[in-house]
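Okay, here's what each chain looks like letter by letter:
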Amino acid sequence: MSENATRIKAVLLALGIFVVGIILGANDHLWLPADGDKRIRAPREPRRTPRMGPTSERLIKRYSRHLDLTEAQQAEIDQILDQSRELMVEVRQNIGSKIETVRRGAWAKIRGVLTPDQQETFDELTSPVSPDIILRQFRRRLLLSEDQQAEVSRVLRKNWAEMRKQRQEIREELKAIHKNTRARQKDLLTPEQRKRTNGGWDLDLSGEQRAKMQHIRKKSREATRLLFQERDERLASLTVRTWSEIKPLLRKDQVRKFDNITEGIERRMRWERQFRRRPAGRALDF
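Residues numbered from 1 in each chain as written. Predicted model: local features only at pLDDT ≥ 70, side-chain atom pairs only at ≥ 80, totals over all residues. Heavy atoms only, no water.

**Details of the overall build of the chain**
Secondary structure summary: the chain contains nine helices and zero strands in total. Seen in sequence order, the chain has helices and strands lined up from the N terminus as α-α-α-α-α-α-α-α-α. The 286 residues of the chain split such that 35% are buried. Residue pairs in contact within the chain that sit at least 24 positions apart in sequence constitute 72% of those at least 6 positions apart. (Helix = DSSP H or I, 4+ residues; strand = E, 2+ residues; numbered from the N terminus. Buried < 20%, exposed > 50% of the residue type's maximum accessible area, 1.4 Å probe, protein only. Contact = heavy atoms within 4.5 Å.)

Take a look at the structure:
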């Protein structure tokens, strides 16, 4: 690897760490009491899904430990946290767009100091993963013949079409979960409450209503978590299938490089899924 290529990857890594630090650093401290949680924490198992801040259940337990909350207070705080979390999603989206603008500005400046050959590699490293980007990497690093390029392109486009279909199915299921949750919450309200609220987020609820609302939201969050987990498993399976269909098309000397290239592609795909996830009802990025 040339010295220039090493420098490019170092700069990209630094930018990535900077962006991840901003996103992750903006979550936990917003909800912690002033003295924090001073207990020694046991090591945690690796997370299967990206962390988007502590859950309402975890926060309420933490508050209860410090404040000795009653059950009624816990139920009311749970509603407040859910309302606040919806607002935080909007704020996070605005911050994300600003970060993306800064990052793309930095990429444009970096690209301006590179040679044409370096620019081509740089574009591959900074563009979203797609069949065209993957094919460009394979063509450049594996020196594919024209026949190989045609076959690899066919496999990539066939499996990416299946991935788009899978994403659409997940998107529709997320919309259904969101719609069902809102409908069940609305059914709990009296006619007068429905007039005074737009969606059922009025805090003047009976204890029974609060408990049922909390149960509905808990079930909805769990269903959403499982759906995202299912999405990740489906896409991982399709990715493995894609590589297994491409490998037989390669020569022995190409296969040795192929595994290293695909490992890097998979890391980028996981990163894109992690930090481009959308709220329920919005489009999912692969």
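**Section: unusual backbone geometry**
Outside of glycine, negative phi angles account for most residues, and trans bonds account for most peptide bonds. At Asp68, a position not held by glycine, the phi torsion is positive, near 55°. Within the secondary structure, Asp68 is located in the loop between helix H2 (56–67) and helix H3 (71–112). The backbone phi angle of Leu143 is positive, close to 55°, even though this residue is not glycine. Of note, Leu143 is situated in the loop between helix H5 (131–142) and helix H6 (146–187).

**So, the nonpolar core**
Of all hydrophobic cores here, the largest spans 20 residues; its most connected members are Ile134, Phe138, Leu156, Trp243, Ile246 and Ile265. Elements with a contribution of two residues or more to this core: H5, H6, helix H8 (207–246) and helix H9 (252–275). Tallying contributions element by element places H6 first for this core, with five residues. Those residues in contact with Phe138 that lie beyond four places of it in its chain are Leu143, Leu144, Val152, Trp243, Ile246, Phe258, Ile261, Thr262 and Ile265. (Core = buried A, V, L, I, M, F, W, Y, C linked by side-chain atoms within 4.5 Å.)

**Considerations on the packing of aromatic side chains**
Applying the stated criterion to the full structure yields three aromatic pairs. With centroids separated by 6.2 Å and ring planes inclined at 75°, the aromatic side chains of Phe138 and Trp243 adopt a geometry described as edge-to-face. You can see Phe138 sitting in helix H5 and its partner Trp243 sitting in helix H8, a full 105 residues away along the chain. Per residue, the accessibility class of Phe138 equals that of Trp243, and both read buried. Consider the rings of Phe138 and Phe258, whose centres lie 5.3 Å apart with planes at 40°: the pair is tilted. Of the two residues, Phe138 is situated in helix H5 and Phe258 in helix H9; the sequence distance between them amounts to 120 residues. Judged on exposure class, the residue Phe138 and its partner Phe258 are both buried. Among the aromatic side chains, those forming a connected cluster through ring pairs are Phe138, Trp243 and Phe258. (Phe/Tyr/Trp six-rings, centres within 6.5 Å; stacked < 30°, edge-to-face > 60°.)

**Things to note about the environment of Asp259**
Among the structural elements, Asp259 can be located in helix H9. Note on Asp259: relative accessible area 30%, which makes it partly exposed. Separated by 16 residues in sequence, Asp259 and Trp243 have C-alpha atoms that sit 8.9 Å apart.

**Brief notes about the pattern of salt bridges**
The full count for this structure, using the stated rule, is 13 salt bridges. For Glu169, the salt bridge is made with Arg234, and the minimal N-O distance between the two is 3.2 Å. Taken together, the residues span a long stretch of sequence, with Glu169 in helix H6 and Arg234 in helix H8 at a distance of 65 residues. Judged by relative accessible area, which is 34%, Glu169 ranks as partly exposed. Taking the shortest distance from any N to any O, the salt bridge between Glu208 and Lys212 comes out at 3.1 Å. Taken together, the residues Glu208 and Lys212, both in helix H8 and four residues apart, mark about one turn of the helix. For Glu208, a relative accessible area of 53% puts it in the exposed group. Given the relative accessible area of 39%, Lys212 is considered partly exposed. Residues participating in the shared-partner salt-bridge network are Glu169, Glu173, Glu230 and Arg234. (Salt bridge = Lys/Arg side-chain N within 4 Å of Asp/Glu carboxyl O.)

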